[in-house]
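# Chain and residue survey
In case you want the letters, here they are:
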Amino acid sequence: MSLGPTVAEEHSLMLYRQMVARSLLDTLKEVSDDERDCIAVLERISRLADDSEPTVRAELMEQVPHIAMFCQENRPSIPYAFSKYLLPIVVRYLADQNNQVRKTSQAALLVLLEQELIERYDVETKVCPVLIDLTAPDSNDDVKTEAVAIMCKMASMVGKDITERLVLPRFCEMCCDCRMFHVRKVCAANFGDICSVVGQQATEEMLLPRFFQLCSDNVWGVRKACAECFMAVSCATSQEVRRTKLSTLFINLISDPSRWVRQAAFQSLGPFISTFANPSSSGQYFKEEDGKNPAGCGSAQENSEQVRTTEDVTREDELNRTEDLSSHVDKDHFATKLENALEDQNTVSNNSQRESDFQTESSFHCTLSSESCGEMADENGRSSHCCTAGLREAGPNSRETALSEQELYNSFHFWRTPLPEIDIDFELQQTSEIILNREFQELAMPVSPNIPMATRKELEEMIENLEPHIDDPDVKAQVEVLSAALRASSLDPQEETMASVSKGTESQTELTISDQQNFKPILGDIVPLIGDTVENMDSTLHYIHNDSDLSTNSSFSPEEERKSKVQDVVPQALLDQYLSMTDPSRAQTVDTEIAKHCAYSLPGVALTLGRQNWHCLKDTYETLASDMQWKVRRTLAFSIHELAVILGDQLTAGDLVPVFNGFLKDLDEVRIGVLKHLHDFLKLLHLDKRREYLYQLQEFLVTDNSRNWRFRAELAEQLILLLDLYSARDIYDYLRPIAFSLCADKVSSVRWISYKLVSEMVKKLYMASTSTFVVDLMNELVEKFCRCRKWSGRQTFVFICQTISEDDCLPMDQFAVHLLPHLLHLASDRVPNVRVLLAKTLKQTLLEKEYFLNSANSHQEAVEQTIMVLQMDDDSDVKYFASIHPASTKIADDAMSTASSTY
């Protein structure tokens, strides 16, 4: 009776088959000369692919990319080997029952596509059909999820054509998979990649509706994935879609009930804002779509922006802005929509209330006619003066025209989910407009003209009771307020309205709670539409976004209103949310590191807004610069030089220099960010301002931790760059002491960079018009290092001389006069390490110079005599380096090894 193999024997056989799979590539290389043998090995691979042991199949799949590469290199001898024998195995394993085998095959497929080892025909006929079958409704859940992920990842590798024809339809279906949220989550996570491949048209026509569904998915993980890829999706859309649709959608994600969704949305807020880059404000042109798609949209500035002059795009931008406005304005239905909106506010649910908190106006400015807009575009295409000019033309008697313009730019059009179109009678529409006009007039009146006599009498009595205590400043203020209210109550409606305009902010209306809930425009936005005194008010149509602003608006002075955070580059709602990231409450309700994310994306936001809108970000930047978390300040320190380029000289000197000075005195973790880009920042300052920092450079030598040698090494690197920014006298007076201190550092890496610094300093001073500085510097080198009592100092002198000679920082005749005699004197130094380095320098550096090769002079003779002395030295290493051929070793390597031994 025969017995089957034991467990040990089965295990041994499994290991043997694994070893066979692992050695397939070596076997193919051995028989690569014989085509028949190669085919035989490939056929054995097909048989091995049917192995019942998952570990064997996984091992085989790990070898497939390497075998495919070999087959590609030897294609003449084994044509079509990969397509016939290997690719079917990879595709079949995508549906394997074992998870490890599936993961290995997925990785192998991506590698093969990335290396372009799969023919385009095979992708269309063998790979894509299998993936589409794996994503069928009746497919296994895990397999379906993995197949969707593979389809998304391979899209950028197979190109737009295949993706749009074969992958995109199934991808859209998977976005609506009602049974498995895992599938929808994978689709959301890779949505940006698909958009970047298929381009703008397919994105807006086919993908955006699916994206809107995913952003409102019931599962927070799906919404979070949408927030994370929002920037990539925005890169693939037009400016109009970005402004009108995606902005509103993003506001919903920021106000999502889930903290994790809000966290991801706030992290993507800055990058999303950067996609609104405007040529007239930032000097950058956002490339909508070209003949070919960029490799990826992860970085808007790298892949999708091109520098263009402002003149080329100003008119184009104005036309786009006009089209954006006209596409949203519907005067015929506006009154009905607003009436419905006012009614909806009383019955809105909690979720809608939360969304309405973030429904904000994007600060579109009035352009009453194309002619007036064209006249103002040369001065400032987006200036608020354009609005003012239009209002002045309207005059005090054209209230109806002004009101229609107010309707035209109401935030209701831009930051609310569009209401369904309803056919109504014209009479009903007229009635609605009359009601609207009446309510706007009531809003403009600070006090009702029909105040009861009892109320006025009470005011008079209160004033009389307070007059005996008029000396008290608080009482005096109350009397003034009551007196103003009493005077206002005695005016007729027309006089009262004109008085409220002329007094401006001194007597602005105090709205009731109900008025605050029903009306968002502030009084300063409405009153100027009635009178000629609009010159005293801010011409920008500003809409507030929360009720608390209404109660405090009356305290704004005209100067503060002009500095309000209003702009028209990005939707104002997005900017308001970005500015709120510094609110301490955000750290508790959203993310403890939300301020760091704000700081990280601030240069991109500043570039998008342009330097003319820096006032919108100034307060936020100062808040971040004084944040309690050093990681936030560190992030700003690493990017302050980039922000200086964006803002220009004037704003940098006024707003960034104080912050920069604060960072210089901060923790080492923050100071290193400033230090790494010290040259980049200082070169942007004026010479007088730049010289002020000469006194502070010495402070970089002091660190919180003396072991932080990389800090000092970075200082030496920056000082080399700073030599071009200062005069010879400044270099000698301020940078020379720091360089000498770094040359004596305890760490060899710092010293090695410092030798380069000193040599460049010698070169800079020699090229200066005053030659005394370089002579004084070389004399101090001799005094401080060559005659140093410590052998390490004398070795430093040899290193510096070697560097000066190698880099040709000084003419050899000058070198021979000022440094060579002192260098040769070290041949009698009592420390072998000094003599070893001297032998290397003389033999491998100086004797290679033309000055010592072709011209017979006393200096050449002195060098040769010194080498002969070193060749007879008692130390074997000195003898060796004094005798060898110059080309047999590398001076830098030997010098570094010698320096390292003195750590």
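Residues numbered from 1 in each chain as written. Predicted model: local features only at pLDDT ≥ 70, side-chain atom pairs only at ≥ 80, totals over all residues. Heavy atoms only, no water.

Bringing the overall build of the chain into the picture now. Looking only at helices and strands, the chain has 53 helices and two strands in total. Buried positions account for 51% of the 903 residues belonging to the chain. Partitioning the contacts of the chain with sequence separation of at least 6, the portion at a separation of at least 24 is 73%. Here the chain displays about 43,700 Å² of accessible surface, and carbon together with sulfur accounts for 49% of that area. (Helix = DSSP H or I, 4+ residues; strand = E, 2+ residues; numbered from the N terminus. Buried < 20%, exposed > 50% of the residue type's maximum accessible area, 1.4 Å probe, protein only. Contact = heavy atoms within 4.5 Å. Areas by Shrake-Rupley, 256 points an atom, 1.4 Å probe, with all protein chains shown as cover.)

Our next topic: a negative patch on the surface. On the surface, a cluster of negative charge is made up of Glu-458, Glu-460, Glu-461, Glu-464 and Glu-467. Here Glu-461 shows up in helix α27 (residues 453-466). (Patch = residues over 30% accessible without salt bridge, like charges linked within 9 Å, V, L, I, M, F, W, Y side chains within 5 Å. Salt bridge = Lys/Arg side-chain N within 4 Å of Asp/Glu carboxyl O. Lys, Arg positive; Asp, Glu negative; His and termini not counted. Charge placed at Lys NZ, Arg CZ, Asp CG, Glu CD.)

We note that Glu-116 has phi near 55°; this positive angle belongs to a residue other than glycine. Position of Glu-116 among the secondary structure elements: in the loop between α6 (99-114) and α7 (120-134). We classify Glu-116 as exposed; its relative accessible area is 68%. Of note, the phi angle at Asp-808 is positive, near 55°, even though the residue is not glycine.

It is worth spelling out helix α9 (residues 160-175) at this point. Counted at 1.5 Å a residue, the expected span for α9 with its 16 residues is 22 Å, but the 19 Å between its end C-alpha atoms falls short. Restricting attention to buried positions, one finds in α9 the residues Ile-162, Thr-163, Val-167, Leu-168, Arg-170, Phe-171, Cys-172, Met-174 and Cys-175. Along its buried surface, α9 packs onto α7, α8 (141-158), α10 (181-189), α11 (191-198) and α12 (200-215). (Expected span 1.5 Å × (residues − 1).)

Before going further, it helps to spend a moment on the packing of helix α39 (residues 668-676) against helix α42 (residues 709-722). Any two packed helices are characterised by how steeply their axes cross, that is the angle between the axes, and by the distance between the axes. Two elements in contact, α39 and α42, have axes separated by 10 Å at closest approach and are oriented at 20°. Classed by the angle they form, the pair α39 and α42 counts as roughly parallel. Judged by the sense of rotation from one axis to the other, the crossing of α39 with α42 is left-handed. Across the interface between the two elements, Asp-668, Arg-671, Ile-672, Leu-675 and Lys-676 of α39 pack against Phe-711, Glu-714, Leu-715 and Gln-718 of α42. Looking at the contact of α39 with α42 residue by residue, the classes come out as four nonpolar, one polar and four charged. (Axes fitted to C-alpha atoms, helices over the stretch in contact; angles between N-to-C directions. Parallel < 35°, antiparallel > 145°, perpendicular 65-115°, else oblique. Left-handed = near helix turned anticlockwise from the far one by under 90°. Nonpolar A, V, L, I, M, F, W, Y, C, P; charged D, E, K, R; others polar.)

Nonpolar side chains tend to gather and get buried jointly when the protein is soluble and globular. Core analysis: the biggest nonpolar cluster contains 169 residues, and Phe-191, Phe-211, Tyr-578, Leu-682, Phe-797, Phe-815 and Leu-823 have the highest contact counts within it. For this core, the leading source of residues is helix α38 (residues 630-664), giving 14 residues. In this structure, Cys-38, Ile-45, Ala-81 and Val-90 belong to the second largest nonpolar core, which totals 51 residues. (Core = buried A, V, L, I, M, F, W, Y, C linked by side-chain atoms within 4.5 Å.)

Note that Val-645 resides in helix α38. Sequence separation between Val-645 and Leu-684 is 39 residues, and the spatial gap between their C-alpha atoms is 7.4 Å.

Turning our attention to the packing of aromatic side chains. Tallied over the entire structure, the rule returns 18 aromatic pairs. On the basis of an interplanar angle of 15° and a centroid distance of 5.1 Å, the ring pair of Tyr-755 and Phe-799 is categorised as stacked. Here Phe-799 lies in helix α46 (residues 791-806) and Tyr-755 lies in helix α44 (residues 748-767), a separation of 44 residues in the sequence. For the pair shown, Tyr-755 and Phe-799 are each scored as buried. Look at Tyr-880 and Phe-881: their rings are 5.1 Å apart centre to centre, the planes differ by 80°, and that puts the pair in the edge-to-face class. Taking relative accessible area as the criterion, Phe-881 reaches 12% and is therefore assigned buried. Through pairs of rings, three or more aromatic residues link up here, namely Phe-171, Phe-191, Phe-211, Phe-230, Phe-250, Phe-272 and Phe-276. Above the face of the Tyr-732 ring, Arg-736 is positioned so that its terminal group lies 4.3 Å from the ring centre. The ring of Phe-881 has Lys-840 sitting right over it, with the charged end atom 4.5 Å from the ring centre. (Phe/Tyr/Trp six-rings, centres within 6.5 Å; stacked < 30°, edge-to-face > 60°. Lys NZ or Arg CZ within 6 Å of the ring centre and 35° of its normal.)

Of note, Gln-577 is situated in helix α34 (residues 572-579). Within the local environment of Gln-577, its side chain forms a polar contact with the side chain of Arg-586, the two groups lying 3.0 Å apart. (Polar contact = N/O pair within 3.5 Å; in protein donor to acceptor, adjacent residues only side chain to side chain.)

So, on to the pattern of salt bridges. This model, assessed by the stated rule, comprises 32 salt bridges. Glu-59 is paired through a salt bridge with Arg-22; the nearest N and O atoms lie 3.4 Å apart. Pair noted here: Glu-59 is in helix α4 (residues 54-73) and Arg-22 is in helix α1 (residues 7-22), with a separation of 37 residues, a long-range link. Residue Lys-126 pairs with Asp-122 through a salt bridge whose shortest N-O separation is 3.9 Å. Taken together, the positions of Lys-126 and Asp-122, both in helix α7 and four residues apart, correspond to about one turn of that helix. Judged by relative accessible area, which is 29%, Lys-126 ranks as partly exposed. A single network of salt bridges, built from pairs that share partners, joins Arg-120, Glu-124, Asp-161 and Arg-165.

Let us look at the state of the cysteines. For the coordinates displayed, the defined rule picks out zero disulfides. In this structure Cys-38 is not part of a disulfide, and its nearest cysteine sulfur, from Cys-71, lies 7.8 Å away. Exposure remark for Cys-38: the relative accessible area of 1% places this residue in the buried category. With no disulfide of its own, Cys-226 lies closest to Cys-215 among cysteine sulfurs, the gap being 3.9 Å. (Disulfide = S-S within 2.5 Å.)

What follows deals with the confidence of the model for the chain. Overall, the prediction assigns the chain a mean pLDDT of 74, with 66% of residues at 70 or greater. The low-confidence segment residues 284-436, where pLDDT is below 50, has 231 contacts with residues more than four positions distant or belonging to other chains. (pLDDT = per-residue confidence, 0-100.)

In this section: the environment of Arg-92. Assignment of secondary structure puts Arg-92 in helix α5 (residues 81-93). With relative accessibility at 43%, the residue Arg-92 sits in the partly exposed group. For Arg-92 and Arg-102, which are ten residues apart along the polypeptide, the C-alpha to C-alpha distance reads 9.2 Å. The residues contacting Arg-92, other than those within four sequence positions of it, are Ala-49 and Asp-50. Side-chain polar atoms of Arg-92 contact the side chain of Asp-50, separated by 3.2 Å.

Examined against the element boundaries, Asp-668 turns out to sit in helix α39. For Asp-668, a relative accessible area of 6% translates into the label buried. Taking C-alpha positions, Asp-668 is 8.4 Å from Asn-705, a pair spaced 37 residues apart along the chain. Non-local contacts of Asp-668, meaning those with residues more than four positions away in its chain, are made with Thr-703, Asp-704, Asn-705, Asn-708 and Phe-711. For Asp-668, the side chain forms a polar contact with the main-chain nitrogen of Asp-704, separated by 2.6 Å.

Okay, helix α45 (residues 772-786) next. In this model α45 runs 20 Å from its N-terminal to its C-terminal C-alpha over 15 residues, within 8% of the 21 Å that 1.5 Å per residue would give. All of the buried residues in α45 are Phe-773, Val-774, Leu-777, Met-778, Leu-781, Val-782, Phe-785 and Cys-786. Tucked inside the fold, the buried residues of α45 contact α43 (728-743), α44, α46, α47 (812-818) and α48 (820-825).

Moving on: the packing of helix α13 (residues 220-228) against helix α16 (residues 259-274). Here α13 crosses α16 at 5°, and the two axes come no closer than 8 Å. Judged by the angle between their axes, α13 and α16 are roughly parallel. Of α16, the residues touching α13 (which contributes Trp-220, Arg-223, Lys-224, Ala-227 and Glu-228) are Trp-260, Val-261, Ala-264, Ala-265 and Ser-268. Residues belonging to the contact of α13 with α16 are distributed by class as follows: six nonpolar, one polar and three charged.

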